[in-house]
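Single-letter residue listing:
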Amino acid sequence: MEKQLFNSIICKRITDLRIEHNFTKEKLAYESGISKGGLSEIEKNMKEPRLSTIAKLCSCLGIKIKDFFDFEEIDNFVNLL
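Keep in mind the model is a prediction, meaning the values are calculated, not measured.

A. Layout of helix 4 (residues 51-61). Within the span of helix 4, buried status applies to Thr53, Ile54, Leu57, Cys58 and Leu61. Looking down the long axis of helix 4, one finds its buried residues gathered within 140 degrees of arc, a one-sided arrangement. Residues of helix 4 that are buried in the fold lie against helix 1 (2-20), helix 2 (25-32), helix 3 (36-43) and helix 5 (65-68). Positive phi appears at Gly62, one or two residues downstream of helix 4, with a value of about 75 degrees.

In structure tokens form, the structure reads like this:
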């Protein structure tokens, strides 16, 4: 249960950041070197993103990995543990 909730939060974060930075799925997938299908599966919470994938996405979005994990929903999740 906790793992599913965590994955859901992370996958939504990826979608939110992609939209916030005005990237299409195609553009972010291409620039990060992952497949469009893979990114789509991650955003739909069908596939768990690896940390290396998150790092690639952060690099393309111009954010630090620590900033990726610095948001309210993840804080709320951690506080539930």
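B. A look at the packing of aromatic side chains. Here the structure, examined in full by the defined rule, presents 2 aromatic pairs. Each ring, one from Phe6 and one from Phe77, has its centre 5.6 Å from the other, and the planes form 45 degrees; the classification is tilted. On the criterion of sequence distance, the pair formed by Phe6 in helix 1 and Phe77 in helix 6 (residues 72-80) is long-range, its members being 71 residues apart. Overall, Phe6 belongs to the partly exposed group, its relative accessible area being 29%. Residue placement shows Arg13 over the ring face of Phe68; its charged tip is 5.9 Å from the ring centre.

C. The packing of helix 2 against helix 4, seen in detail. The geometry of helix 2 relative to helix 4 is characterised by a closest axis approach of 9 Å and an angle of 110 degrees between their N-to-C directions. In this view, helix 2 runs roughly perpendicular relative to helix 4, as classed from their interaxial angle. Where helix 2 approaches helix 4, its residues Leu28, Glu31 and Ser32 are matched on the opposing element by Lys56, Leu57, Cys60 and Leu61. Each residue belonging to the contact of helix 2 with helix 4 can be placed in one class, and the counts come to 4 nonpolar, 1 polar and 2 charged.

D. Up close: the nonpolar core. Ile14, Leu39 and Phe68 are the most contacted members of the largest nonpolar core, which totals 20 residues. Of all the elements in the fold, those that place two or more residues in this core are helix 1, helix 2, helix 3, helix 4 and helix 6. In terms of residue count, helix 1 provides more of this core than any other element does, 5 residues in total.

E. Structural context of a negative patch on the surface. Residues Asp67, Asp70, Glu72, Glu73 and Asp75 make up a contiguous surface patch of negative charge. It is helix 6 that provides the largest number of residues to the negative patch, a total of 3 residues. Summarising the element assignment, Glu72 is placed in helix 6. We classify Glu72 as exposed; its relative accessible area is 59%.

Parameters and conventions
- Residues numbered from 1 in each chain as written.
- Predicted model: local features only at pLDDT ≥ 70, side-chain atom pairs only at ≥ 80, totals over all residues.
- Heavy atoms only, no water.
- Buried < 20%, exposed > 50% of the residue type's maximum accessible area, 1.4 Å probe, protein only.
- Helix = DSSP H or I, 4+ residues; strand = E, 2+ residues; numbered from the N terminus.
- Arc of directions from axis to C-beta.
- Contact = heavy atoms within 4.5 Å.
- Phe/Tyr/Trp six-rings, centres within 6.5 Å; stacked < 30°, edge-to-face > 60°.
- Lys NZ or Arg CZ within 6 Å of the ring centre and 35° of its normal.
- Axes fitted to C-alpha atoms, helices over the stretch in contact; angles between N-to-C directions.
- Parallel < 35°, antiparallel > 145°, perpendicular 65-115°, else oblique.
- Nonpolar A, V, L, I, M, F, W, Y, C, P; charged D, E, K, R; others polar.
- Core = buried A, V, L, I, M, F, W, Y, C linked by side-chain atoms within 4.5 Å.
- Patch = residues over 30% accessible without salt bridge, like charges linked within 9 Å, V, L, I, M, F, W, Y side chains within 5 Å.
- Areas by Shrake-Rupley, 256 points an atom, 1.4 Å probe, with all protein chains shown as cover.
- Salt bridge = Lys/Arg side-chain N within 4 Å of Asp/Glu carboxyl O.
- Lys, Arg positive; Asp, Glu negative; His and termini not counted.
- Charge placed at Lys NZ, Arg CZ, Asp CG, Glu CD.

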